[in-house]
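Letter by letter, the chains look like this.
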Amino acid sequence: MRANLLIKPGQIELREIETPSPNSGEVVVKVKVALTCGTDLKTFLRGHPKFPLPALFGHEFSGEVSSVGRGVHKFREGDQVMSVPSGPCGHCYFCLRGQENICDAAMSNYALGAYAEYIKVPAQVVSQNMFEKPPSLSFQEAALLEPLACVIHGLSLLKLREDDTVVVIGSGAIGLLHLLALRAFGLQKIIMLGRRSYRLQLAKELGAYRVIDTREGITKEMVYDLTQGRGADIVVECTGNPSVWESAVNMVRRGGEVVLFGGCKQGTTVTFDTHRLHYDQVTIRSPFHLTRKAAREAYNLLAERRLTGNCLITDSYPLDRLSEVFSLLQRGDCIKYAVIP
Ligand SMILES: [Zn+2]
Ligand SMILES: [Zn+2]
């Protein structure tokens, strides 16, 4: 099969490699759509601490089952499927305490290599986190399952009310998925912050209550103006930038919750005002990855069309133009790209 390999940071090669075959419990999926994601862009630029190069990459996908391993009864050849890339082991310290999102084996039970014609899906994923794609749902939208499941996991930690005002900082794919999910949960007052006109315009079209261009530099005051001087009930940080983590804490109301969703570069630190955290009782959450419950809920939102994510896919490109796709991603006048084998 043809597969894209990341040779070294910044260099991709489309190579002919052996088509994977499924071991016991595994499934091989013929990829119909693989989406780009912020994590993939980071991996492309810097490499990844967990995956030695050269490596297959790409982890958001949907497709058609091409072969199944021994003991797989849930799926058969030809089934249209969508999946998150990981599945918990069920018996490590963290899984046993209900924190499967940080399972010790998460990285070894991981389907990596969606920028290829076929991808092998590990047994733990097949049995727990792979779903049949409804015919009414496009392969493109189905491939949004993983990022949406991460967003749903984060939101599941909050006590959301329909009359909450939520500030979402960052209007990339993850910020916009927060907007779509919050709208699907019935919230109206979602204020989107960003610094790219293209994305802020899209946020407006997708029902943001207000959009604020942070390049104008008066963001915090504007948030307070829009909330009777209180600050937002909830602030969700989706940029992964330490200075934005710090400012997120200053936009929330007393007793409010801050979600630090965007992962920062290793080795960075932040400083918070202790009075703000304690006397204003600000709660900080830092959700990572996803749970089976979140994957199921994300699946239901997509399958029942309560959330439509087509608008997040800017354009599609064939497998052999992946390098070009990553250059476009760096320019930023886009959200996500679909890569079609
Ligand atoms: Zn992703
Ligand atoms: Zn585990």
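Structure: above.
All of these numbers come straight from a predicted model, not from anything done at the bench.

### Some words on the side chain of Ser 62
Piece 1. Turning to its location among the elements, Ser 62 is positioned in strand β5 (residues 60–68).
Piece 2. Of the polar contacts made by the side chain of Ser 62, one reaches the backbone oxygen of Phe 139; its length is 2.7 Å.

### Some remarks on the layout of surface pockets
Piece 1. There is about 220 Å³ of room inside the second largest pocket.
Piece 2. Lining the second largest pocket we find 14 residues, and of these Pro 20, Leu 56, Leu 112, Ile 119 and Lys 120 sit closest to its centre.
Piece 3. Take the lining of the second largest pocket: its biggest share by element is three residues, from strand β7 (residues 118–121).
Piece 4. Residues belonging to the lining of the second largest pocket are distributed by class as follows: nine nonpolar, two polar and three charged.

### Let's talk about the coordination of the zinc ion (ligand 1)
Four donors placed tetrahedrally about a metal ideally form angles of 109.5 degrees, and six donors placed octahedrally ideally form angles of 90 or 180 degrees.
Piece 1. Donor atoms from the polypeptide that bind the zinc ion (ligand 1) are Cys 37 (SG), His 59 (NE2), Glu 60 (OE) and Glu 146 (OE), placed at 2.1 to 2.5 Å.
Piece 2. Sequence positions of the donors to the zinc ion (ligand 1) reduce to the motif C-x21-H-E-x85-E. With His 59 in the loop between β4 (55–56) and β5 and Glu 146 in helix α5 (residues 145–156), this residue pair connects regions lying 87 residues apart in the sequence. For the pair His 59 and Glu 146, a shared accessibility class is recorded, and that class is buried.

### Focus: the coordination of the zinc ion (ligand 2)
Piece 1. Bound to the zinc ion (ligand 2) are the protein donor atoms Cys 89 (SG), Cys 92 (SG), Cys 95 (SG) and Cys 103 (SG), situated 2.3 to 2.4 Å from the metal.
Piece 2. For the zinc ion (ligand 2), the four donor atoms in the first shell make angles of 102 to 117° at the metal, a pattern classed as tetrahedral.
Piece 3. As a motif over one chain, the donors of the zinc ion (ligand 2) read C-x2-C-x2-C-x7-C. With Cys 92 in the loop between β6 (80–83) and α2 (93–96) and Cys 103 in the loop between α2 and β7, the pair connects residues that are eleven residues apart, well separated along the chain.

### Quick look at the sheet that holds strand β10 (residues 189–194)
Piece 1. Ordered in space as β11-β10-β9-β12-β13-β14, the six strands form an open sheet in which the pairing is parallel. A strand with exactly one partner marks an edge of an open sheet, and here the two such strands are β11 (210–213) and β14 (283–285). Neighbouring strand axes in the sheet, compared pairwise and without regard to direction, differ in orientation by 15° on average.
Piece 2. Pairing of β10 with β11 involves four bridges; the strand directions are parallel. Counterpart to Ile 191 in the pairing with β11 is Arg 210.
Piece 3. Sheet contacts for helix α6 (residues 173–184): β9 (165–169), β10 and β12 (232–237); angle to β10, the most-contacted strand, approximately 175°.
Piece 4. With respect to the sheet, helix α7 (residues 197–205) is in contact with β10 and β11, its orientation differing from that of β11 by roughly 170°.

### What to know about unusual backbone geometry
Piece 1. Look at the link from Leu 53 to Pro 54: it is a cis peptide, with omega at -5°.
Piece 2. Tracing the chain through its elements places Pro 54 in the loop between α1 (38–46) and β4.
Piece 3. Of note, the phi angle at His 289 is positive, near 60°, even though the residue is not glycine.
Piece 4. Mapped onto the fold, His 289 is located in the loop between β14 and α11 (292–303).
Piece 5. On the basis of relative accessibility, which here comes to 15%, the residue His 289 falls in the buried class.

### Let's talk about the sheet that holds β4
Piece 1. Ordered by their spatial adjacency, three strands build an open sheet running β2-β1-β4, and the pairing between neighbours is antiparallel. Two strands bound the open sheet, and with one partner strand each, they are β2 (11–16) and β4.
Piece 2. Pairing between strand β1 (residues 2–8) and β2: six bridges, direction antiparallel. From the neighbouring strand, Asn 4 faces β2, where its bridge partner is Leu 14.

### A short note on the environment of Leu 328
Piece 1. Locating Leu 328 in the fold gives a position in helix α12 (residues 322–331).
Piece 2. Of the residues examined, Leu 328 reaches a relative accessible area of 18% and is grouped as buried.
Piece 3. On a C-alpha basis, the gap between Leu 328 and Lys 159 in space is 38 Å, while along the polypeptide they are 169 residues apart.
Piece 4. Beyond its immediate stretch of four places on either side in the chain, Leu 328 contacts Tyr 317, Cys 334 and Tyr 337.

### Some points on the pattern of salt bridges
Piece 1. Inspection of the entire model under this criterion finds 13 salt bridges.
Piece 2. Arg 292 is paired through a salt bridge with Glu 100; the nearest N and O atoms lie 2.7 Å apart. Here the residue Arg 292 occupies a position in helix α11, and Glu 100 occupies one in the loop between α2 and β7, the gap between them amounting to 192 residues.
Piece 3. According to the relative accessible area criterion, Glu 100 is buried, its value standing at 14%.
Piece 4. With its nearest N and O atoms 2.7 Å apart, the salt bridge here joins Arg 321 to Glu 324.
Piece 5. Given a relative accessible area of 35%, Glu 324 falls into the partly exposed group.

### Re the packing of aromatic side chains
Piece 1. Under the defined criterion, the tally for this structure stands at eight aromatic pairs.
Piece 2. Ring geometry for Phe 57 and Tyr 115: centres 5.1 Å apart, planes at 80°, overall edge-to-face. Here Phe 57 is found in the loop between β4 and β5, whereas its partner Tyr 115 is found in the loop between α2 and β7, with 58 residues between them in sequence.
Piece 3. Residue Tyr 115 is classed as buried on the basis of its relative accessible area of 0%.
Piece 4. Pairing Phe 57 with Phe 326 gives two aromatic rings, centres 5.7 Å apart and planes at 20°, and the pair type is stacked.

Conventions adopted
- Residues numbered from 1 in each chain as written.
- Chains lettered and ligands numbered in written order.
- Predicted model: local features only at pLDDT ≥ 70, side-chain atom pairs only at ≥ 80, totals over all residues.
- Heavy atoms only, no water.
- Helix = DSSP H or I, 4+ residues; strand = E, 2+ residues; numbered from the N terminus.
- Polar contact = N/O pair within 3.5 Å; in protein donor to acceptor, adjacent residues only side chain to side chain.
- 1 Å grid on protein atoms, 1.4 Å probe; cavity = no way out; pocket = protein on both sides within 12 Å on 5 of 7 lines; lining within 4 Å.
- Points joined across faces, edges and corners; volume = space filled by probe spheres on them.
- Nonpolar A, V, L, I, M, F, W, Y, C, P; charged D, E, K, R; others polar.
- Donors = N, O, S within 2.8 Å, 3.2 Å for Na, K, Ca; no water.
- Buried < 20%, exposed > 50% of the residue type's maximum accessible area, 1.4 Å probe, protein only.
- Tetrahedral: all angles 85-135°; square planar, octahedral: opposite > 155°, others 65-115°.
- Pairing = 2+ DSSP bridges.
- Axes fitted to C-alpha atoms, helices over the stretch in contact; angles between N-to-C directions.
- Contact = heavy atoms within 4.5 Å.
- Salt bridge = Lys/Arg side-chain N within 4 Å of Asp/Glu carboxyl O.
- Phe/Tyr/Trp six-rings, centres within 6.5 Å; stacked < 30°, edge-to-face > 60°.

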